[in-house]
Amino acid sequence: MCKTCKGKFYMTTAIAYTSGKPHIGNTYEIVLADAIARFKRQEGYEVYFQTGTDEHGQKIELKAEAAGVTPKEYVDAVSGEVKGIWDLMNTSYDSFVRTTDADHEAQVQKIFRRLYEQGDIYKGYYEGLYCTPCESFFTASQLVDGKCPDCGGEVQPAKEEAYFFRMSKYSDRLIEHINPHPEFIQPPARKHEMMNNFLLSGLQDLCVSRTSFQWGISVDFDPKHVVYVWLDALTNYITKIGYDADGDSSALFQKNWPADLHLIGKDIIRFHTIYWPIFLMALDLPLPKQVFGHPWLLQGEGKMSKSKGNVLYADELVDMFGVDAVRYFVLYEMPFDNDGVISWELMVERMNSDLANTLGNLVNRTISMSNKYFGGVVTDKKVEEPVDAQLKEVVTGARDRAAAKMAELRVADAISEVFVLFKRCNKYIDETMPWVLAKDEATQDRLATVLYNLVESISIGANLISSFMPQTAEKILAMLNDGKRDYEDLATFGLRENGIRVTDTPEILFERLKLDEVMQKVEALHPAAAAESGDGAEKTDAETEGIDIEAKEEITFEEFEKMQFQVGEIIACEAVKKSKKLLCSQVKIGSQTKQIVSGIRKYYTPEEMVGKKVMVLVNLKPAKLAGVLSEGMLLCAEDAEGNLALVAPEREMPTGAEIR
């Protein structure tokens, strides 16, 4: 909520192709778009958020034939499934377009006729190599190892009469637009790719009709032709908000065009940053302000594919973890311009560490202490200490830090900024020790102030997390007996009125999960996938045999004596955000605690690390790894396959015990 309107914000996703059920990689895009739309609304923008399904083409025609149904029956079923998953993920779109909608089809025919009559489209013949899944023609030089450069599939020689769009007519004008508008194509690497690989090398005219199949929008003045899928699909961004090629466009179109953001996958960036802008130029319409080609969400190390058997679906993940946990994971694990990775193991790790521990446990502890010590009544007694100012500085600055990241579409970083707030609250509990304050009548007002500060901080944090985890935010605010706040108020501390009670019994927001139990359920769903991703298989005799390693240069006893080894106990551990390999552990060694970064994330979860007694090289010179300071080294054993295991004392030993 915002007290003042900051103007319109029209955003779209790519429309999902109705060839089958969307996997979690497809679903990521709608969740990402929803997070952006919700945050923009919270900031005060009047958002119009459009998504939908792309339903024409030869691939659909063939799939329908194989299924024994009409193409319309086929796309009706798949489009319904897509919409069902979008709704399952609690996405707040304003419009769901289908390219089989009558109003869309009528406008596509008008657009095609207009472009033909003004000379941008002409009839000819196309001869080349055709990829059916991508519905694209290629020349021999464009193939990669004889296969389609986009999907890697087989291509077939094809020749047919077709209409073509004169792309070269507008290419210089598009280059002149891109160069002074660096924000137009994001991330920047996508811009360089489009300029160097396509625009600067010269554009070929584009085939915009087909005659070899019938499932498409017919060219009304030449009915044996159907409009090629890209001219059909791309125009949904204007047709569904009321564009009319005859000049009678709706008020909705007049208000919202040009689009502020087209959010798409990086694999279709060419169509949206070259073909689509040129179509708009030909229609004498302004170009969208920004096209963001997001990276892929990968399963393991590869792109999800039904043929590979490595597909994860949103509904299965939701059944296992819940809607907001899945939303959190796909948003948090996706870097700005690099592919992200999803797996059952990583989901369990995030569920336990970030959601159950950092957030869920914080809310539960705070409400429970408020009930235990003050009957649930939260009152600020104004008994302040310096640590309170430190907490408030983090809390009141979180809104602007998150907003700065969202302005750059760095959604994962924005979420991190909100979780910095929650982590600071947990630290504040450790610093103030409410359970100690509760023992002394003289510190009751201080205790009340501490709990007020925690409730107020969590309330602000819940408001900020609402774009990413809306159901969780609602639950937290309901338990605190607080409501949504205006965006302007989220940088102000102390707006909660005194005397308001929290709920009597806090709800468990996120249950901690055991990986082995989750993997048993996964195996029941996908036996082959579970077997590939599991790490618990028994080792063969060959794997447990002794191994030889290359000998290093001998050292003297004096050199060895310079190294100090001690027993440490890991008291806290978390994944390093900028790395997929590193864990950051807090290691208690005698009376001191050292922070140690180790490349063992593949072999241990943060939860598994906590409580372990380990052998530590304590006098290693401090260094930064992935931007995080490391003050020592944990000793590990490594087998011939590169698998690691922590080295631990054989018997129970106190922390700080010397190893010699």
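Before any of the text, the structure's been laid out above.
Residues numbered from 1 in each chain as written. Predicted model: local features only at pLDDT ≥ 70, side-chain atom pairs only at ≥ 80, totals over all residues. Heavy atoms only, no water.

1. Examining the packing of helix α13 (residues 344–374) against helix α15 (residues 411–432)
Threshold: The axes used here are C-alpha line fits, helices contributing only the stretch in contact, and every angle between their N-to-C directions lies in the interval 0 to 180 degrees. Only DSSP runs of H or I covering at least 4 residues are called helices, and only runs of E covering at least 2 are called strands; the numbering of each starts at the N terminus. Each angle receives one of four descriptions, namely roughly parallel if under 35 degrees, roughly antiparallel if over 145, roughly perpendicular if within 65 to 115, and oblique otherwise. Take the far helix as the reference: if the near one is turned anticlockwise from it by less than a right angle, the crossing is left-handed, and if turned clockwise, right-handed. Contact definition: two residues touch when any of their heavy atoms are within 4.5 Å.
Packing of α13 against α15 brings their axes to within 10 Å, and their N-to-C directions diverge by 50°. For the element pair α13 / α15, the angle class is oblique. The hand of the α13/α15 crossing is left-handed. Contacts from Asp354, Leu355, Thr358, Leu359, Leu362, Arg365, Thr366 and Met369 of α13 reach α15 at Phe419, Phe422, Lys423, Cys425, Asn426, Ile429 and Asp430.

2. Some details on helix α1 (residues 24–43)
As a reminder, the rule being used: One less than the residue count of a helix, multiplied by 1.5 Å, gives the span that helix is expected to have. Relative accessible area decides the class of each residue, using a 1.4 Å probe on protein chains only: under 20% of the type maximum gives buried, over 50% gives exposed, and in between gives partly exposed.
With 20 residues, α1 should cover 28 Å at 1.5 Å per step; its first-to-last C-alpha distance of 28 Å lies within 8% of that length. Most of α1 sits inside the fold, with 18 of its 20 residues counted as buried. Immediately downstream of α1, the backbone of Gly44 shows phi near 120°, a positive value.

3. Observations concerning the side chain of Ser209
Condition: Pairing of N or O atoms within 3.5 Å defines a polar contact, subject to two protein rules: one partner must be a possible hydrogen donor and the other a possible acceptor, and residues neighboring in sequence count only if both atoms are side-chain atoms.
Residue position: Ser209 is located in strand β10 (residues 209–210). Overall, Ser209 belongs to the buried group, its relative accessible area being 0%. Polar contacts involving the side chain of Ser209 include one to the main-chain amide nitrogen of Tyr163, which spans 2.8 Å. Among all residues touching Ser209, those that are not within four sequence positions of it are Phe112, Ala162, Tyr163, His225, Val226, Val227 and Tyr228.

4. A word on helix α2 (residues 58–67)
Three- or four-residue spacings in an α-helix give side chains the same orientation, since the helix completes a turn every 3.6 residues. Put simply, the test is: The arc in question is traced by the directions running from the helix axis to the C-beta atoms.
Listed in full, the buried residues belonging to α2 are Gln58, Ile60 and Ala64. Seen from one end, α2 has its buried residues packed into an arc of 160°, which puts them on one side. Downstream of α2 by one or two residues, Gly68 has phi in the positive range, about 75°.

5. Section: a nonpolar patch on the surface
For clarity, the cut-off: For patch building, the residue pool is restricted to those with more than 30% relative accessible area and no salt bridge; the joining distance is 9 Å between like charges and 5 Å between nonpolar side chains (Val, Leu, Ile, Met, Phe, Trp, Tyr). Here the accessible surface of atoms and residues is derived via Shrake-Rupley with a 1.4 Å probe, and residues count as covered only by protein chains that are part of the display. Here, a salt bridge means any side-chain nitrogen of Lys or Arg that lies within 4 Å of a carboxyl oxygen of Asp or Glu.
Taken together, Met433, Trp435 and Val436 make up a surface patch of nonpolar side chains, about 250 Å² in accessible area. Overall, Trp435 belongs to the partly exposed group, its relative accessible area being 35%.

6. Examining the sheet that holds strand β7 (residues 156–165)
In plain terms, the rule: Any two strands between which DSSP finds at least two bridges are classified as paired.
Reading across the sheet, the four strands line up as β6-β5-β7-β9 and stay open at both edges, with antiparallel pairing between neighbours. Since the sheet does not close on itself, it has two edges, and those belong to β6 (136–138) and β9 (206–207), each with one partner. Pairing analysis gives ten bridges linking strand β5 (residues 121–131) to β7, with the strands arranged antiparallel. Paired with Tyr130 across the two strands is Gln156, which belongs to β7.

7. Quick look at the pattern of salt bridges
Applying the stated criterion across every chain yields a total of 42 salt bridges. Glu55 is the salt-bridge partner of Arg98, the closest N and O atoms lying 2.6 Å from each other. Taken together, the positions of Arg98 in strand β4 (residues 95–98) and Glu55 in the loop between β3 (46–54) and α2 put the pair 43 residues apart, joining distant regions of the chain. Assigned by exposure class, Arg98 and Glu55 land together as buried. For Arg485, the salt bridge goes to Glu456, with nearest N and O atoms at 2.7 Å. With a gap of 29 residues between them, Arg485 in the loop between α18 (470–480) and β17 (500–501) and Glu456 in helix α17 (residues 444–465) connect regions that are remote in the sequence. For the pair Arg485 and Glu456, one class covers both residues: buried.

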